[in-house]
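Descriptive structure summary
Listed here are the chains, written in short residue letters.
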Amino acid sequence: MKRFNKKDLFTIPNLMGYFRILLIPVFCYFYIKKQAYLLAAGIVLISSLTDLFDGYIARRFNMVTELGKALDPVADKLTHAALALCLAFRYPLMWALMAVKEGYMWIMGLYFLKRGKMLDGAMWFGKVCTALLFVVLLILFFFPHLPLAAVNALILITMADMLFTLCMYIPVFHRM
């Protein structure tokens, strides 16, 4: 595994990654404690935009770093887990959604990281799954008064996609 370079700590894309991580307790507070759902959704939108632009800026301005390659998926996973956790307080089916893919991906990711290996970026199916998850989470954040049947349908669709993604990642991890 390549080593992180100290000068790469404060690149603009990496600062955006740190910012995304710092936003997690903020949106959780507004969603869970204050039940200010739209404010929490706005904070998540800001986080999403920084996620969108950090990779673009890194590639466009040649600021891709080994730290950034590790930081971005960690920020993604922490954000997704926090969003799902917030939503799980309102929608019990969300607990199953969190367990399906994230548990497996965290375990396998830590397993290979411990052995000095890392996925060299997400596969296309992982990116589609992440995008779908984020869209569904944002829908649930921005429309907090959806009927429970619609919420559960969105969660089940996302779970089906996660199971597909999990099945697609199994051979990738096996080859590693």
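Below: a short report on this structure. (Residues numbered from 1 in each chain as written. Predicted model: local features only at pLDDT ≥ 70, side-chain atom pairs only at ≥ 80, totals over all residues. Heavy atoms only, no water.)

1. Let's talk about the pattern of salt bridges
In plain terms, the rule: Salt bridge, as used here: a side-chain nitrogen of Lys or Arg that lies within 4 Å of a carboxyl oxygen of Asp or Glu. The way it works is that DSSP assigns letters per residue, a run of H or I at least four long becomes a helix, a run of E at least two long becomes a strand, and they are numbered from the N terminus. Only protein chains enter the area calculation, which uses a 1.4 Å probe; residues under 20% of their type maximum are buried, those over 50% are exposed, and those in between are partly exposed.
By the definition in use, this model includes five salt bridges. With its nearest N and O atoms 3.4 Å apart, the salt bridge here joins Asp54 to Arg20. Note that Asp54 is positioned in helix 2 (residues 37-60) and Arg20 in helix 1 (residues 12-33), a separation of 34 residues in sequence. The same class applies to Asp54 as to Arg20, namely buried. The closest approach of N and O atoms between Lys69 and Glu66, which form a salt bridge, is 3.2 Å. One end of the pair is Lys69 and the other is Glu66, both in helix 3 (residues 66-88) and three residues apart, which spans about a single turn. Via salt bridges that share partners, Arg20, Asp51, Asp54, Asp72 and Asp76 belong to a single interconnected network.

2. Observations concerning a nonpolar patch on the surface
Selection rule: What makes a patch is a set of residues exposed beyond 30% relative accessible area and free of salt bridges, joined within 9 Å when like-charged and within 5 Å when nonpolar (Val, Leu, Ile, Met, Phe, Trp, Tyr). All accessible areas in this document rest on Shrake-Rupley with a 1.4 Å probe, and a residue is counted as covered only by the protein chains that are shown.
Taken together, the side chains of Leu38, Leu45, Leu49, Leu52, Phe53, Tyr56, Phe142 and Phe143 present a nonpolar region at the surface, about 790 Å² in accessible area. A per-element tally of the nonpolar patch places helix 2 first, with six residues. Structurally, Leu49 can be placed in helix 2.

3. Some details on the packing of helix 6 (residues 124-142) against helix 7 (residues 148-175)
The test is simple: For helices, the axis comes from a line fit to the C-alpha atoms of the stretch in contact; other axes are also lines fit to C-alpha atoms, and the angle between any two N-to-C directions lies between 0 and 180 degrees. Note on angle classes: values under 35 degrees are labelled roughly parallel, values over 145 roughly antiparallel, values of 65 to 115 roughly perpendicular, and the remainder oblique. Left-handed describes a crossing whose near helix is turned anticlockwise from the far helix by less than a right angle; the clockwise case is right-handed. Any pair of residues with heavy atoms lying within 4.5 Å of one another is described as a contacting pair. Gly is put with the polar residues, along with every residue not named as nonpolar or charged; the nonpolar set is Ala, Val, Leu, Ile, Met, Phe, Trp, Tyr, Cys and Pro, and the charged set is Asp, Glu, Lys and Arg.
Across the interface, helix 6 lies against helix 7 with an axial gap of 9 Å and an inter-helix angle of 160 degrees. If you check the angle between helix 6 and helix 7, you find them roughly antiparallel. For the element pair helix 6 and helix 7, the recorded crossing hand is left-handed. Contact with helix 6, carried on its side by Trp124, Phe125, Gly126, Val128, Cys129, Leu132, Leu133, Val136, Ile139 and Leu140, involves Val151, Leu154, Ile155, Ile157, Thr158, Asp161, Met162, Phe164, Thr165, Met168, Tyr169 and Val172 of helix 7 and no other residues of that element. The residue makeup of the contact of helix 6 with helix 7, split by class, is 18 nonpolar, three polar and one charged.

4. Some points on the nonpolar core
Short version of the rule: Grouping buried Ala, Val, Leu, Ile, Met, Phe, Trp, Tyr and Cys residues that are joined through side-chain atoms within 4.5 Å yields what is termed a nonpolar core.
Counting 32 residues, the largest nonpolar core has Phe27, Tyr31, Leu87, Met94, Phe141 and Ile155 as its most contacted members. Contributing elements (two or more residues each) for this core: helix 1, helix 2, helix 3, helix 4 (94-100), helix 6 and helix 7. Per-element accounting of this core gives the leading share, eight residues, to helix 6. Dropping the residues within four chain positions of it, Phe141 is found in contact with Phe27, Tyr31, Tyr37, Ala40, Ala41, Val44, Leu83, Cys86 and Leu87. By size, the runner-up hydrophobic cluster in this structure holds five residues, among which are Phe112, Phe125, Val172 and Phe173.

Take it as geometry only, folks, not as evidence of what the structure does.
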